[in-house]
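What follows is each chain in one-letter form.
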Amino acid sequence: MDPSVFFFWVFAAITVVGALGVITMRQPLHSALFLLLTFLAVAGLFILQHAEFLAAVQVLVYAGGIMVLFLFTIMLVNVRRQAKEPFVNRRAGIAVLAGFFLFLLVGGVLTGPALVKKGPPADPAALKTTVIENSTARVVVPGNSEAVAWGLYRDYLLPFEVASVFLLVAMIGAVVLGKRSLEKFD
Amino acid sequence: MITLTHYVGLSFLLFSIGVTGVLIRRNLLTVLMSIELMLNAVNLNLIAFSRQLGDLNGHLFAIFIITVAAGEAAIGLAIIVSLYRLKGSVNLDDAAEMKG
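Just so we're clear, the structure is a prediction, and the values are computed from it rather than from any experiment.

1. Observations concerning the overall build of chain A
Part 1: Within chain A one finds 7 helices and 2 strands.
Part 2: Counted from the first residue to the last, chain A has its helices and strands arranged as α-α-α-α-α-β-β-α-α.
Part 3: Of all 186 residues assigned to chain A, the portion counted as buried reaches 32%.
Part 4: Considering only intrachain contacts with a sequence separation of at least 6, the fraction spanning at least 24 residues in chain A is 43%.
Part 5: Accessible surface computed for chain A: about 11500 Å², of which carbon and sulfur atoms make up 72%.

What follows is the structure in structure tokens.
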């Protein structure tokens, strides 16, 4: 068997099991650990799809940063509750039904007539190399990280800068919201 | 042979699980985790289409989604912490002042 097929099924199974664990575990800490499992499996799927840089970003930002944030918050709010208290809300039955209908709806579209053009994937050259040319020279740079970097700093320069402002705003917002007393702040 | 449909199907399964999690859970932390699941499903979709079409733009969009997810997690968790200070609990059912 082709190893990429094997690894796809392995990572897909881990992803789905992890996601189900997130929504069925009683303790938030257990949910967070299952979420970590899902993040890592999705990073593996990214590698299978020639997105090596994104897999690294996924591990660093999600499995590293966001997961630590979650664990810190779980520690801070220190949720301890009795085992008999329900962990789902009152509308859980109807909500599961709604989720299942969404599943059927999108599944019907997916298996219906030609949502996507069938056929083998395109040549992944664009994901692995970058062609830089001006009037005098034409250079082919190999590598997925290089390709992403050229895209990010050349074609998406303005969104990239806006993202940095966004992160600054989010950071200041988190600090202000997390401050113990808002009255003292102004 | 693993095709685009496999990836889209997996991504959509992940998204459905995320939606169900948002709808059924009482704990705000788990609701936020389910939102992260949905964002991951979207990223998986973008990467799969990127591979199918041989186009790098999906990767770049996924990077921006990860950026927004990081900001969203930071703000969301800060809100959860201040809600906990206000209410002494992180249950969604306890934050129902605006319920009509």
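Here the narrative resumes.
2. Side note on the packing of helix α3 (residues 52-77) of chain A against helix α2 (residues 28-53) of chain B
Part 1: Where α3(A) meets α2(B), the closest approach of the two axes is 12 Å, and the angle between their N-to-C directions is 175 degrees. The pairing of α3(A) with α2(B) is recorded here as roughly antiparallel in orientation. Facing Leu54(A), Gln58(A), Tyr62(A), Ile66(A), Phe70(A), Thr73(A), Ile74(A) and Val77(A) of α3(A), the residues of α2(B) in contact are Leu29(B), Leu32(B), Met33(B), Glu36(B), Leu39(B), Asn40(B), Asn43(B) and Ile47(B).
Part 2: In the contact of α3(A) with α2(B), the residues fall into 11 nonpolar, 4 polar and 1 charged.

3. A short note on the environment of Val61(A)
Part 1: Within the secondary structure layout, Val61(A) lies in helix α3.
Part 2: With 22 residues separating them along the chain, Val61(A) and Phe39(A) place their C-alpha atoms 10.0 Å apart.
Part 3: Leaving out residues up to four positions away in the same chain, Val61(A) has contacts with Ile66(A), Ile66(B) and Ala70(B).

4. Observations concerning the environment of Pro124(A)
Part 1: Among the structural elements, Pro124(A) can be located in the loop between α4 (92-111) and α5 (125-128).
Part 2: A relative accessible area of 14% places Pro124(A) in the buried class.

5. A word on the pattern of salt bridges
Residues and elements named next belong to chain A.
Part 1: Evaluation of the coordinates by the stated rule reveals 1 salt bridge over all chains.
Part 2: Notably, a salt bridge pairs aspartate 155 with arginine 154, separated by 3.4 Å at the nearest N-O pair.
Part 3: On the basis of relative accessibility, which here comes to 42%, the residue arginine 154 falls in the partly exposed class.

What counts, and at which threshold
- Residues numbered from 1 in each chain as written.
- Chains lettered and ligands numbered in written order.
- Predicted model: local features only at pLDDT ≥ 70, side-chain atom pairs only at ≥ 80, totals over all residues.
- Heavy atoms only, no water.
- Helix = DSSP H or I, 4+ residues; strand = E, 2+ residues; numbered from the N terminus.
- Buried < 20%, exposed > 50% of the residue type's maximum accessible area, 1.4 Å probe, protein only.
- Contact = heavy atoms within 4.5 Å.
- Areas by Shrake-Rupley, 256 points an atom, 1.4 Å probe, with all protein chains shown as cover.
- Axes fitted to C-alpha atoms, helices over the stretch in contact; angles between N-to-C directions.
- Parallel < 35°, antiparallel > 145°, perpendicular 65-115°, else oblique.
- Nonpolar A, V, L, I, M, F, W, Y, C, P; charged D, E, K, R; others polar.
- Salt bridge = Lys/Arg side-chain N within 4 Å of Asp/Glu carboxyl O.

Function-wise, these values are silent; they only describe arrangement.
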